[in-house]
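# Secondary and tertiary structure notes
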Amino acid sequence: MLRPLRLFAAAATFLCLLTGPAFAEKVTFVVSDGAGKPVKDAVVMVAAGAGAPAVKFSWPLEMKQENLQFSPYVLIAPVGSDVKFPNLDKVRHHVYSFSKGNKFELKLYGKDESRSVKLEKAGIAAIGCNIHDTMVAYIRVVDTPYAAKTDADGNATLDLPADAKAATVWHPDALPAEVKVTLPAKRTAPVPVSLKVKSHAH
Amino acid sequence: MLIRRWPIKRRPTSRWFGGTLRRKLTFIYSALFGLIILMVAGAVYISIKINAERSVERELQSSVNAFERLWSLSAAHMESNADVLAADFGFREAVATEDIETIASAISNAQGRLEGQTVGVAFPDGRFVSADGTLSQLPDTAYQALLEQDRPSGVVRVDNKHFQSVAVPIRAPVLVGWAFFFSELDSVRMAELEKMSAIQIKAEIRNGDHASTDHDATFRTTEAIGASRQIKSFTGDEAVSLIITYPLDAAMAPYRPMMLAILLFSLFGAALLIFSGRLVARSVTRPIFALDKAVQALASGNRQPVDVPSDDEFGRLADSFNTMLGDLEAREASIVQMGREDSETGLANRRAMDDDLRTRMTMDGDASVRVVVIRVKRFRSVRAAIGHGAAAQALAVLARRISEFADGAAPYRISATDIGLILDAQNPFVRPEGLRRLIAACAQPAMIGDASVDLLLCSGIAEPEAGRGAPIGPVDQAVVAADFAESRQEPVSVFDLAEYGNPALTLSLMSEMLAAMTDGGLSLHYQPKFSLSENQISGFEALIRWEHPVRGRVFPDSFIPVAEETGHIRQLTEWVVTRAIEDQQTLRAKGFDLPISVNVSGRQMNDESFALWAIGKVKSSGAKLCFEITETAVINDPEKALRIINLFRSTGIAISIDDYGAGLSSLSYLKQIPANELKIDKSFILTLTEGRSDELMIKSTIDLAHAMGMSVVAEGVETEQVMALLRDMGADAAQGYHISRPKPLADMLELLGAAMRKRETA
Ligand SMILES: [Cu+2]
């Protein structure tokens, strides 16, 4: 199994060299609300240009149900990927999404059962439970490898190609939900992003 | 009549306020009672009204509160229905996926289940789906309410209809829309509310007006009481109110019978009061009316006693009135009596004589009556000396004597000096000789107290028939006749119309007198004073003579009093003084420097300007004059008269007291007057030889005059015998016919010349 991975890495490096922006740079985004409070779970995305690597993330693609809550609150998933919905609660859930293109329904399933759903379309899937109205979560289905969500400090770091021009920052409870951020020429300093977030149940 | 109407101006009487006292009293009582009834009824009405309104207000408040409870119940009900719908999984899916058809079927299904409610769905972008599947855009205000409020609820107005509405969000799990529930606040809903109240209220929902933030607001219009309560509007910023009203009419309705009863009671009471008020007023005013009538009758000369039998104030007033009426009659009789009576003597007066004479002449005819007037001469002097009371007494004595002598004929005192009689034409005393007898019989001095008063009498007779053409009545004719008698110094004179002549006589007399001063009609005669010690003429008294071209000789007694009355005496006196001075100068020219006496009226003795004139005249001419005055000259204003007398004395004018003893014999006056000379009246001297007791009196008078520094002249000396007597008694001079009658100046010159020749030969 090791070889094919190396090969894949070598091929990716090669591809990068071919496509020009061979030098990846780490860019940190700091998302805060108007009052300077860090905003957690904001998704920072930069559109993938030609020669971008395959869309793959380091976090597990799963939306757990735990303590009558979805976890995580926001999940970034590549388009076309299968997302698992493991039930860690003793009760049963009836998970659904009526979001356009990513509509699904996972009828009642019990503890330690897991279902998975293939998310076909880039966009937002708002996830609810028909039994528990307070259970809400969001999956941001993306078609770019340059996507990350902010931590508790509001920081998110992306390895971006040098020619990346702009980023999109989204949060389900923000109004407006998305803002565009133009990247500065010099990438050494963190990029500040301001997002107005309504307080939510979490 | 003595009753004077009160000088109160009567106000014009109005029908209600003026007029009779009875009406006034009735009106005042009724008005007062009416006022009280009105006030009571008003108070009752107001308290009833306040009470009624309060209870209605309470009822309205509770209705409003009930409405509010109903409202929230209904809202809660609708909200729960909406929640049920919004929670339905299939419905949420339909909304989330904007499956319009499914949504429409779901809401129309819900509408069918919930009667009277309309259901709809709004999408987050403001599109609205109704039960029939049509899409419309929500009004901005409603959309805004959805965005701002989680679950808006309240009144919303659509097409002028009011709805109670709620909206609940539909989450799947994010907000995909709102479920709307509406319930129209129509007449049925309002009727339900109205039915809940105990009273017949009217409920309605209104926008804008009447909205009040005060939850307990009640209000009042002219016809109704109302309560309003603001209702939450769906959008939150619209003013919507529930208005509940109740007609005032209805509020007062339960009390109407009671108020009617009060009104009827009041009317009945007022009627009763007017009736009884009239009765009371009548009982009060009847005696007043009777009194009023009696007073009015009295005012028109009709005396009626008042009959008020009550023993209250009115009864006493009536008694007083009746008593007063009696007094009035007595007093009136006495006044009538007084009108006919001379207050000094108690004799009947001139008025009585006129009345009685008129009666006699009417009854018996003019020809049957004669009027006689008997006068006391110089009565003024008598009165001045002994006082009014005593003089009147003397007159009363005279009247009694006359009456006795004339067979009881009633005497009248017709003036201060005159006694009148009405006698039959056949009466012997109406003929001059008879009357002369009567006068002579009555002329003895009267004793008044200790004083003896001489009564020098003259009289006049008038025949009413003969004097019919005269401008004056028979009594005045007799008075005029007495005037003639007095002036001619005769005892009796009969009124002669021809002699009396023109009534304007006095005025023409004066103008004729003034003319006579210049045309020679008026002249001075002189009577010598003969000095008894020197046996020669020692002076003259100037006496006025008037030869009238028509009347003949006019005696001083008939024109001097007129001149005194009319004020011509000053001119006359000045004329006499001027002429006397001229004549004295004539005498002087002939070598006879003798004083001349001039009679000066008492009136002149109070006339300072005359005094100054006379003094000036005497000083400028160097004349030697003596003014003969009577004692009465100082009676009117003694102080002034004495001052003037002293003035004359100081400029060399001698003062002589004339007619001393005629009527007045007051030594007190005599003492005051600083006279040079006293002239004893001829009435004393003429009787001197008749052996009367006057001799002693004359002697004592002479002595007294001498003691007071006066020389004495006796007048009326007609015989040598008298002159001898007087000489013996010490009189200084004599005057009279024995020496010479008054004659013109020429005669005097002759007399003086003869005497002088006689002395020269002697
Ligand atoms: Cu669940």
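Residues numbered from 1 in each chain as written. Chains lettered and ligands numbered in written order. Predicted model: local features only at pLDDT ≥ 70, side-chain atom pairs only at ≥ 80, totals over all residues. Heavy atoms only, no water.

Broken down by element type, chain A carries one helix and 16 strands. In chain A, which comprises 202 residues, the proportion classed as buried is 41%. For chain A, the proportion of contacts with a sequence separation of at least 24, taken over those separated by at least 6, is 62%. Carbon and sulfur atoms make up 58% of the accessible area of chain A, which totals about 11000 Å². (Helix = DSSP H or I, 4+ residues; strand = E, 2+ residues; numbered from the N terminus. Buried < 20%, exposed > 50% of the residue type's maximum accessible area, 1.4 Å probe, protein only. Contact = heavy atoms within 4.5 Å. Areas by Shrake-Rupley, 256 points an atom, 1.4 Å probe, with all protein chains shown as cover.)

Further remarks concern the side chain of A:Thr144. Residues and elements named next belong to chain A. Structurally, the position occupied by Thr-144 is in the loop between strand 11 (136–142) and strand 12 (147–149). A polar side-chain atom of Thr-144 sits 2.7 Å from the main-chain carbonyl oxygen of Val-46. A polar side-chain atom of Thr-144 sits 3.4 Å from the main-chain amide nitrogen of Ala-48. Setting aside anything within four residues of it in sequence, one finds Thr-144 in contact with Val-46, Ala-47, Ala-48, Val-55 and Phe-57. (Polar contact = N/O pair within 3.5 Å; in protein donor to acceptor, adjacent residues only side chain to side chain.)

A separate point is unusual backbone geometry. Cis geometry is found at the peptide bond from A:Ser71 to A:Pro72, where omega equals 0°. Looking at the element boundaries, A:Pro72 is found in the loop between strand 4 (69–71) and strand 5 (74–78). For the peptide bond that leads from A:Leu175 to A:Pro176, omega is -10°, which places it in the cis range. Along the polypeptide, A:Pro176 turns up in the loop between strand 14 (166–170) and strand 15 (178–182). Located in the positive-phi region is A:Asp41, a residue other than glycine, with phi close to 65°. A positive phi angle, close to 50°, is found at B:Asp159, a residue other than glycine. Examined against the element boundaries, B:Asp159 turns out to sit in the loop between strand 4 (153–158) and strand 5 (161–171).

Further remarks concern the sheet that holds strand 14 of chain A. Residues and elements named next belong to chain A. The strand order across the open sheet built from four strands is 12-2-14-15, with neighbouring strands paired in antiparallel fashion. In this open sheet, the two strands that pair with only one neighbour each are strand 12 and strand 15. Neighbouring strand axes in the sheet, compared pairwise and without regard to direction, differ in orientation by 20° on average. Relative to strand 14, strand 2 (residues 43–45) is paired through three bridges, and the arrangement is antiparallel. (Pairing = 2+ DSSP bridges. Axes fitted to C-alpha atoms, helices over the stretch in contact; angles between N-to-C directions.)

The next thing to look at is a nonpolar patch on the surface. All names here are of chain B. On the surface, Ile-28, Leu-32, Leu-35 and Met-39 cluster together to form a nonpolar patch covering roughly 410 Å² of accessible area. Along the chain, the position of Leu-35 falls in helix 1 (residues 21–87). Residue classification places Leu-35 among the partly exposed residues on the basis of a relative accessible area of 47%. (Patch = residues over 30% accessible without salt bridge, like charges linked within 9 Å, V, L, I, M, F, W, Y side chains within 5 Å. Salt bridge = Lys/Arg side-chain N within 4 Å of Asp/Glu carboxyl O.)

Moving on, we come to the packing of helix 18 (residues 608–621) of chain B against helix 19 (residues 638–650) of chain B. Residues and elements named next belong to chain B. Relative orientation of the contacting elements helix 18 and helix 19 amounts to 5°, with a least axis distance of 10 Å. With respect to helix 19, the element helix 18 is oriented roughly parallel. Here Glu-608, Phe-610, Ala-611, Ala-614 and Ile-615 of helix 18 lie close against helix 19, whose contacting residues are Lys-640, Arg-643, Ile-644, Leu-647 and Phe-648. Grouping the amino acids of the contact of helix 18 with helix 19 by side-chain chemistry returns seven nonpolar, no polar and three charged. (Parallel < 35°, antiparallel > 145°, perpendicular 65-115°, else oblique. Nonpolar A, V, L, I, M, F, W, Y, C, P; charged D, E, K, R; others polar.)

Before going further, it helps to examine the coordination of the copper ion. All names here are of chain A. Surrounding the copper ion are the protein donor atoms His-93 (ND1), Cys-129 (SG) and His-132 (ND1), at 1.9 to 2.2 Å. Read in sequence order, the donor residues for the copper ion give the motif H-x35-C-x2-H. Placement of His-93 in strand 7 (residues 93–97) and of His-132 in the loop between strand 10 (123–129) and strand 11 is noted, with a sequence separation of 39 residues between them. (Donors = N, O, S within 2.8 Å, 3.2 Å for Na, K, Ca; no water.)

Here the focus is the confidence of the model for chain B. All names here are of chain B. With 93% of its residues at a pLDDT of 70 or more, chain B shows a mean pLDDT of 83. Between residues 1–18, whose pLDDT stays under 50, and residues either more than four places distant or in other chains, the model counts 22 contacts. Overall fold confidence for the complex sits at a pTM of 0.46, while the interface term, ipTM, reaches 0.79. (pLDDT = per-residue confidence, 0-100.)

Let us look at the pattern of salt bridges. A complete count under the given rule lists 41 salt bridges over all chains for this structure. In this structure, A:Lys26 and A:Asp159 form a salt bridge, with 3.2 Å as the shortest nitrogen-oxygen distance. Taken together, the positions of A:Lys26 in strand 1 (residues 24–32) and A:Asp159 in strand 13 (residues 155–161) put the pair 133 residues apart, joining distant regions of the chain. What you see here is one network of salt bridges that share partners, running through B:Lys529, B:Glu541, B:Glu628, B:Glu677, B:Lys679 and B:Glu715.

Contacts between the two partners involve nine residues from chain B and, on the opposite side, 13 residues from chain A. Roughly 930 Å² of surface becomes buried between chain B and chain A when both sides are summed, with 64% attributable to carbon and sulfur atoms. A:Lys103 is paired through a salt bridge with B:Glu93; the nearest N and O atoms lie 2.6 Å apart. On inspection of chain B and its partner chain A, the count reaches three residue pairs in polar contact (both at pLDDT 80 or more). (Buried area = accessible area lost by both parts, 1.4 Å probe.)

A few words on the packing of aromatic side chains. Scanning the entire structure with this criterion turns up 19 aromatic pairs over all chains. Ring geometry for A:Tyr73 against A:Tyr138: centres 5.6 Å apart, planes inclined by 90°, an arrangement best described as edge-to-face. With A:Tyr73 in the loop between strand 4 and strand 5 and A:Tyr138 in strand 11, this residue pair connects regions lying 65 residues apart in the sequence. A:Tyr138 shares its class with A:Tyr73; the two are buried. Relative to B:Phe182, the ring of B:Phe163 lies with its centre 6.1 Å away and its plane at 75°, an arrangement referred to as edge-to-face. Pair noted here: B:Phe163 is in strand 5 and B:Phe182 is in strand 6 (residues 175–184), with a separation of 19 residues, a long-range link. For the pair B:Phe163 and B:Phe182, one class covers both residues: buried. Through successive ring pairs, a cluster of aromatic residues spans B:Phe128, B:Phe163, B:Phe180, B:Phe182 and B:Phe234. The positively charged end of A:Arg140 is found above the aromatic ring belonging to A:Trp170, 5.2 Å away from the centroid. Over the ring of B:Tyr737 we find B:Arg741; its NZ or CZ atom is 4.1 Å from the centre of that ring. (Phe/Tyr/Trp six-rings, centres within 6.5 Å; stacked < 30°, edge-to-face > 60°. Lys NZ or Arg CZ within 6 Å of the ring centre and 35° of its normal.)

With that settled, the discussion passes to helix 24 (residues 745–761) of chain B. All names here are of chain B. Taking 1.5 Å per residue, 17 residues should reach 24 Å; helix 24 reaches 24 Å between its end C-alpha atoms and fits that length. For helix 24, the full list of buried residues reads Leu-745, Met-748, Leu-749, Leu-752 and Gly-753. Along the axis of helix 24, the buried residues cluster in a sector spanning 135°; they form a single face. Opposite its buried face, helix 24 presents the exposed residues Ala-746, Glu-750, Arg-757, Lys-758 and Thr-761, each directed more than 90 degrees away. Check the buried side of helix 24 and you find it contacts strand 19 (522–531), strand 20 (536–548) and helix 17 (569–589). (Expected span 1.5 Å × (residues − 1). Arc of directions from axis to C-beta.)

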